[in-house]
Amino acid sequence: MATEKMGIKIETNPDETKLTSLGVRSWPKWEGPPSTFPWTFTSNETCYLLKGKVKVTPDGYNDFVEIGAGDLVVFPKGMKCTWEISEAVDKHYNMFLLSLLLFVSLILLILSGGDVLQANSHGHKSER
């Protein structure tokens, strides 16, 4: 069951069926050593922690959310926070906006038959 605290949604130990349906294992990976740093989420981000432990303190709060291995976490676009990594993190992540842009680009490429259109200096489009 998922919980939400300070805008951060956390589902602890989701079943493999859910992870597979989301395509989690194909998402990019990020690793981070123990450290503390500020972070701003420029788009919605979903991540799945393979290992590690992090305290996330959203700006404007005196409280934190602790996430760790086995957590599926959703951070909202625009959230500013501080990450305090106490145990090295290894996570898969998916930024919705990036995925959407890649999907739209692929659809446009398919629809164009593989031809790439480029605007010339006069603003007219020409095939390359």
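I will try to describe carefully the structure that is included in this document.

**Here we look at the overall build of the chain**
Each helix and strand counted, the chain has two helices and 10 strands in total. Taken from the N to the C terminus, the helices and strands of the chain come in the order β-β-α-β-β-β-β-β-β-α-β-β. The buried share among the 128 residues of the chain stands at 28%. When contacts within the chain are restricted to residue pairs at least 6 apart in sequence, those whose partners lie at least 24 apart make up 72%. Summing over all exposed atoms, the chain offers an accessible surface of approximately 8400 Å²; the carbon and sulfur share of this is 57%.

**Things to note about the nonpolar core**
With 17 residues, the main nonpolar core has Ile8, Val54, Val56, Ile67, Val73, Phe75 and Trp83 as its most contacted residues. Those elements that provide at least two residues to this core are β2 (8–12), β5 (45–58), β6 (65–68), β7 (71–75) and β8 (80–95). If we skip the residues at most four places from it in the chain, valine 54 touches Leu49, Val65, Glu66, Ile67, Trp83, Glu84, Ile85 and Val89. Within the second largest apolar cluster, five residues are counted, among which are Leu19, Val24, Tyr48 and Leu72.

**Describing the pairing of β6**
Across four bridges, the pairing between β5 and β6 is antiparallel. Looking across to β6, one finds that lysine 53 is bridged to glycine 68. In this antiparallel pair of consecutive strands, β5 and β6, the connection spans six residues, and glycine 60 shows a positive phi of 90°.

**With respect to the pattern of salt bridges**
Taken as a whole, this structure holds five salt bridges when the rule is applied. With its nearest N and O atoms 3.1 Å apart, the salt bridge here joins lysine 5 to aspartate 63. One end of the pair, lysine 5, is in strand β1 (residues 2–5); the other, aspartate 63, is in the loop between β5 and β6, and 58 residues separate them in sequence. Judged by its relative accessible area of 34%, aspartate 63 is partly exposed. The closest approach of N and O atoms between arginine 25 and glutamate 16, which form a salt bridge, is 3.0 Å. Looking at arginine 25, the relative accessible area reads 45%, which means it is partly exposed.

**As for the packing of aromatic side chains**
The final tally for this structure, using the stated rule, is six aromatic pairs. Judged by centre distance (4.4 Å) and plane angle (10°), the ring pair of phenylalanine 41 and phenylalanine 75 falls under stacked. Residue phenylalanine 41 is located in the loop between β4 (35–40) and β5, and its partner phenylalanine 75 is located in strand β7; the two are separated by 34 residues in the primary sequence. Assessed through its relative accessible area of 3%, phenylalanine 41 is described here as buried.

**Some points on the pairing of β5**
Where β5 meets β7, four bridges bridge the pair, whose relative direction is antiparallel. For glutamate 45, the partnering residue across the bridge sits in β7 and is phenylalanine 75. Bridge count between β5 and β8: 12 bridges; the pairing is antiparallel. If you follow lysine 53 over to β8, its bridge partner there is glutamate 87.

Rules of the game
- Residues numbered from 1 in each chain as written.
- Predicted model: local features only at pLDDT ≥ 70, side-chain atom pairs only at ≥ 80, totals over all residues.
- Heavy atoms only, no water.
- Helix = DSSP H or I, 4+ residues; strand = E, 2+ residues; numbered from the N terminus.
- Buried < 20%, exposed > 50% of the residue type's maximum accessible area, 1.4 Å probe, protein only.
- Contact = heavy atoms within 4.5 Å.
- Areas by Shrake-Rupley, 256 points an atom, 1.4 Å probe, with all protein chains shown as cover.
- Core = buried A, V, L, I, M, F, W, Y, C linked by side-chain atoms within 4.5 Å.
- Pairing = 2+ DSSP bridges.
- Salt bridge = Lys/Arg side-chain N within 4 Å of Asp/Glu carboxyl O.
- Phe/Tyr/Trp six-rings, centres within 6.5 Å; stacked < 30°, edge-to-face > 60°.

So, to be careful, I would describe these as geometric facts and stop short of saying anything about function.
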